[in-house]
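Chain by chain, the residues:
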Amino acid sequence: MWLPDLDGKSGPKYQSIALAIGESIASGSLKERDRLPPQRELAYQLGVSLNTVSRAYCEATNRGFLCGEVGRGTYVRVHGHLPSSNTGNGMMRTIDGPVDFTLNLPAHGNGAIALAETLETLKHSNALSSYLDYQTGNDLKRHTRAAASWISRLGFEASGDDIILTNGAQHAIMVALLAITRPGDVLLVEPMTYAPVKSIALHLGLILFAVEMDEGGLSPQALDAACSSTAAAVLYCLPTLHTPTTITMSSERRREIAEIARKHQLTIIEDDVFGFLQSHRPPPLAGFAPDLTILISSVSKCLAPGLRIGYIHAPKRLQRALRAAVNLSCWMPPPLMAEIASMWIEEGTADNLNEFQRIVARTRQKQAQQILDGHEVLSDPEGFHLWLLLPTHWRADTFRAAAEKSGVKVLTGETFAVEQNTAPQAVRLCLSHEISDERVNKGLGILAGLLAETSDPGLLVV
Ligand SMILES: Cc1ncc(COP(=O)(O)O)c(C=O)c1O
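Residues numbered from 1 in each chain as written. Predicted model: local features only at pLDDT ≥ 70, side-chain atom pairs only at ≥ 80, totals over all residues.

1. As for the overall build of the protein
A count of helical and extended segments in the protein gives 17 helices and 17 strands. The globule rule puts the C-alpha radius of gyration for 462 residues at 23 Å, and the 23 Å found for the protein is close to it. Viewed in the frame of its principal axes, the protein has a C-alpha envelope of about 70 × 65 × 40 Å. Taken across its 462 residues, the protein has 48% of its residues classed as buried. (Helix = DSSP H or I, 4+ residues; strand = E, 2+ residues; numbered from the N terminus. Rg over C-alpha atoms; globule rule 2.2 N^0.38 Å. Buried ≥ 20, exposed ≤ 12 C-beta atoms within 10 Å, placed from the backbone.)

Now the structure itself:
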């Protein structure tokens, strides 16, 4: 009989049981349509009251993990439509073919169920025709209010008046750079950065300048020096769950960075796309320098990337230019998608979906810790990715090629490096996108096997 693993869980028992149900689904030990033990029996096995188990099942149902059928018991919900074979489409989650650790995407969660319910509700809405129309500032107010309440969960008092809707975070980055830079400007970035920023900079004629990081994230001294030597006016950075290194800047470090920015009147574009994954996190940089920071968030990692909804929270003086850049690039995000995101935020569905992503991240990071034990790894218990520093006998490119030959796809630091040949010999592994724990285990096992090899086969190739 399945029993919840309550080890290390504190707080009310019913919540621990609900959390354990989520973890078991995430790890695959409970599968779709599995029947949960009868409440009375589980209560007996755990030595808790029947009421506790009933509340736990109710909580897990509210979180979208379970469904009950009168007279037939409680079951794990079907999460939606899983791909049944390898379609060859890189973004698809496949159940065969190579294990893909290259994509920093959320887990296949309960979103499809939530979407079905939301569409059912929307079917009866009298606002349907407005979703088919261009929307104005007033129509969008409802969404900026929802966005503000969502962003405020990050530990930062956001105001709906200061929020601009975008088609996701990538669009928001493009919008910010379109609005506040001109060709020939210097853009300060971390030495390894979100790869598309390198391409956007190239297209906009920006000159990237890498500012050193240390183990705490962006170095305040290096930023100070870079501002003085380049007279740059804009910094793009990833203070939370930096990709690829996973580093999250502490509050103290954020305060220091904000002070340097203030000294040089630097505008910060803060990419906080992973911010919702951490349950305990420092406030965004925007909290330390709201007048200087364009905070970028999106629902892609915490809810679903297909919604294509992102949020910019910006100082008043920049809002006109930012709104103009949104209009210029896409007019507005699709109103129906904005409506779904806002409904999910208002109803608490977003919190539940987000929590599911954290559960998957925690489960998979634990697996990785065990399988890669003894190797140098930078990670975060609630991050999607980890940064595997290779032993000296492996070069990143030959490791990547050897891994691919063995059926595992990874990315090397070169993908993210601003200057060529400066990336450490390391690879990024994204653990959440894969459809099952078994595939993640298999992929990690293959990589552990390669790491244990004593020589780099790539170096033997002439
Ligand atoms: C660091 C970072 N920023 C931004 C994005 C873009 O997110 P969105 O899907 O919201 O455009 C991604 C997506 O992978 C990302 O990893």
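What follows picks up the thread again.
2. Considerations on the domain arrangement of the protein
Here the protein is partitioned into domain 1 (13-76), domain 2 (99-110 + 351-460) and domain 3 (116-349). Centre-to-centre, using C-alpha coordinates, domain 1 lies 32 Å away from domain 2. Looking at side-chain class alone, the side of domain 1 that touches domain 2 contains one nonpolar, four polar and two charged residues. (Domains from an automatic or database assignment. Nonpolar A, V, L, I, M, F, W, Y, C, P; charged D, E, K, R; others polar.)

3. Looking at the site of the ligand
Close to the ligand lie 13 residues, the nearest being G168, A169, Q170, S298 and S300. Tallied by class, the residues present in the shell around the ligand amount to five nonpolar, seven polar and one charged. (Near = placed C-beta within 6 Å.)

4. Some details on the sheet that holds strand 4 (residues 163-166)
Taken together, seven strands build an open sheet; the order of strands is 4-12-11-10-9-5-6 and the sheet is mixed. The open sheet terminates on both sides in strands that have one partner only, identified here as strand 4 and strand 6 (207-210). Within this sheet the neighbouring strands show an average axis-to-axis angle of 25 degrees, counted without direction. One ladder, built from four bridges, connects strand 9 (residues 234-237) with strand 10 (residues 267-271); its direction is parallel. Residue V234 lies in a different strand from strand 10, and its bridge partner there is T267. (Pairing = 2+ DSSP bridges. Axes fitted to C-alpha atoms, helices over the stretch in contact; angles between N-to-C directions.)

5. A look at the sheet that holds strand 17 (residues 426-430)
The four strands are arranged 13-14-17-16 in an open sheet whose pairing can be described as antiparallel. Both edges of this open sheet fall to strand 13 (376-378) and strand 16 (411-412), since each of them pairs with a single strand only. Relative to strand 14 (residues 385-389), strand 13 is paired through three bridges, and the arrangement is antiparallel. From the neighbouring strand, L378 faces strand 14, where its bridge partner is W387.

6. Quick notes on the pairing of strand 6
Note: strand 5 (residues 186-189) against strand 6, four bridges, orientation parallel. Its bridge partner lying in strand 6, L188 is registered against F209. As for the winding sense of the linkage, the β-α-β connection from strand 5 through helix 8 (residues 195-204) to strand 6 is right-handed. (Right-handed = clockwise from strand over helix to strand, strands pointing away.)

7. Section: the environment of T246
Within the secondary structure, T246 is located in the loop between strand 9 and helix 10 (251-264). Residues T246 and L318 lie 72 residues apart in sequence; the distance between their C-alpha atoms is 30 Å. Once residues within four sequence positions are removed from consideration, T246 is found in contact with L241, L378, S379, D380, G383, H385, L386 and W387. (Contact = placed C-beta atoms within 7 Å.)

8. As for the packing of helix 7 (residues 169-180) against helix 8
One way to put it is that helix 7 packs onto helix 8 with a least axis distance of 11 Å and a crossing angle of 30 degrees. Helix-helix and strand crossings are classified by hand; for helix 7 and helix 8 the assignment is right-handed. Along its contact with helix 7, which presents Q170, I173, M174 and L177, the element helix 8 presents P196, V197, I200 and L204. The class makeup of the residues in the contact of helix 7 with helix 8 is seven nonpolar, one polar and no charged. (Left-handed = near helix turned anticlockwise from the far one by under 90°.)

9. A word on helix 3 (residues 50-62)
Taking 1.5 Å as the rise per residue, helix 3 with 13 residues should run 18 Å; its terminal C-alpha atoms sit 18 Å apart, in good agreement. Taken together, the buried positions of helix 3 are occupied by V53, A56, Y57, E59 and A60. Projected down its long axis, helix 3 carries its buried residues within an arc of 160 degrees, all on one side. Residues of helix 3 that are exposed and angled more than 90 degrees away from the buried face: L50 and N51. The first or second residue beyond helix 3 is G64, which carries a positive phi of 85 degrees. (Expected span 1.5 Å × (residues − 1). Arc of directions from axis to C-beta.)

10. Side note on the packing of helix 1 (residues 13-27) against helix 14 (residues 349-371)
Direction vectors running N to C along helix 1 and helix 14 enclose 60 degrees, while the axes themselves pass 9 Å from each other. In terms of orientation, helix 1 lies oblique with respect to helix 14. Crossing geometry of helix 1 relative to helix 14 is assigned as right-handed. Contact with helix 1, carried on its side by G22, E23, A26 and S27, involves F356, I359, V360 and T363 of helix 14 and no other residues of that element. Of the residues that constitute the contact of helix 1 with helix 14, the class distribution is four nonpolar, three polar and one charged. (Parallel < 35°, antiparallel > 145°, perpendicular 65-115°, else oblique.)

11. What about the pairing of strand 9?
Alignment of strand 5 against strand 9, held across two bridges, turns out to be parallel. Within strand 9, the position partnered with L187 by the bridge is V234. Handedness of the crossover joining strand 9 and strand 10 through helix 10: right-handed.

12. Thoughts on the confidence of the model for the protein
Summarising the model, the protein shows a mean pLDDT of 91, and 94% of its residues fall at 70 or more. Long-range and interchain partners of residues 80-90, a stretch whose pLDDT sits below 50, account for 18 contacts in this model, where long-range means more than four residues apart. (pLDDT = per-residue confidence, 0-100.)

13. What about unusual backbone geometry?
Backbone phi values are negative for most residues with the exception of glycine, while trans is the configuration of most peptide bonds. The peptide bond linking T243 to P244 adopts the cis configuration, its omega dihedral lying at 10 degrees. Turning to its location among the elements, P244 is positioned in the loop between strand 9 and helix 10. The backbone of Q265 sits at a positive phi, close to 50 degrees, despite the residue not being glycine.

14. Regarding the environment of T248
The topology assignment puts T248 in the loop between strand 9 and helix 10. T248 gets classed as buried once you count the C-beta atoms within 10 Å, which come to 22. Expressed as a C-alpha distance, the spacing of T248 and Q278, which sit 30 residues apart in the sequence, is 9.9 Å. When sequence neighbours within four positions are dropped, the list of residues in contact with T248 reads P239, T240, L241, Q278, R281 and D380.

15. Examining the environment of V408
With respect to the helices and strands, the residue V408 is situated in strand 15 (residues 408-409). Spatially, the C-alpha atoms of V408 and G443 are 5.8 Å apart, while their sequence positions differ by 35 residues. The contact partners of V408, leaving out residues within four places of it in the chain, are P98, V99, F101, A403, G443, I446 and L447.

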